[in-house]
Amino acid sequence: MQLIQNTADLSAYLSADEVIDHHHPVVRETAARLAEGVADSYAYARAAYEFVRDTIPHSADSGDPRVTWRASDVLERRTGICHAKAHALAALLRAEDIPTALCYQRLTHDDGGGHVLHGLVAVRFHGAWHRQDPRGNKPGVDAQFSLDGERLAWIPDPASGETDHPLLYAAPHPAVLTALQAAPDRPHLWRTLPDTL
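Residues numbered from 1 in each chain as written. Predicted model: local features only at pLDDT ≥ 70, side-chain atom pairs only at ≥ 80, totals over all residues. Heavy atoms only, no water.

Draft legend 1. Structural context of the nonpolar core. Grouped together as the largest cluster of nonpolar side chains are 49 residues, with contacts concentrated most on Tyr 44, Leu 75, Leu 92, Leu 93 and Leu 189. Of all the secondary structure elements, the ones that give two or more residues to this core are helix H1 (25-35), helix H2 (41-55), helix H4 (71-77), helix H5 (82-95), strand S2 (100-108), strand S3 (115-125) and helix H6 (174-182). Considering every element that reaches this core, the biggest residue donor is H5, with 9 residues. Among all residues touching Leu 75, those that are not within four sequence positions of it are Val 26, Val 27, Thr 30, Phe 51, Ile 56, Ala 88 and Leu 92. Listed in part, the 11 residues of the second largest apolar core include Leu 3, Ala 12, Ala 101 and Leu 168. (Core = buried A, V, L, I, M, F, W, Y, C linked by side-chain atoms within 4.5 Å. Buried < 20%, exposed > 50% of the residue type's maximum accessible area, 1.4 Å probe, protein only. Helix = DSSP H or I, 4+ residues; strand = E, 2+ residues; numbered from the N terminus. Contact = heavy atoms within 4.5 Å.)

Okay, here's the thing in structure tokens:
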């Protein structure tokens, strides 16, 4: 699949906003800590990815009902669904001048009832975009940081109505962000997350 920037301006994938708030002290401090002792931006990107994947539990796995969506809140509260974790990783990468996009997959809902959008990121290295999934591993899920072929949590099954969305967004898709911001808790969010873009 060819990944397509939804804006030609590469600087958009380095910008800060209300969601990817990489100017926030919590993001800056976390980025500085992760950058200590790494050899280059590739090693930093791997360290940031593994930090978000492994130290911030996916709220569905941990049973945490809280909904986070702003990168600094995800880092501070140590919880979030895939979209929130993607926002946190994007902020940490952009804090170190690594172009990072948000991207989506349409997957079958965990309970098998319908579909839901899954959030991940793409990083730009060596003139190309590489998707990474910081969702968090669990039995049956083994996502890894890779620039040599994707190692994502899931591969969509077209026969089940699942698909990869090729567009790379500089900011969260409005439908996803609206659902996150409006949800008082994760059970409500599960009922209101969009299933398509």
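Having put the structure on the table, let's press on.
Draft legend 2. Looking closely at the pattern of salt bridges. Within the structure shown, the criterion is met by 11 salt bridges. The partner of Lys 138 in a salt bridge is Asp 61, and the shortest N-O contact between them spans 3.8 Å. Taken together, the residues Lys 138 in the loop between strand S4 (128-132) and strand S5 (163-164) and Asp 61 in helix H3 (residues 59-62) connect sequence positions 77 residues apart. What makes Lys 138 partly exposed here is its relative accessible area of 31%. (Salt bridge = Lys/Arg side-chain N within 4 Å of Asp/Glu carboxyl O.)

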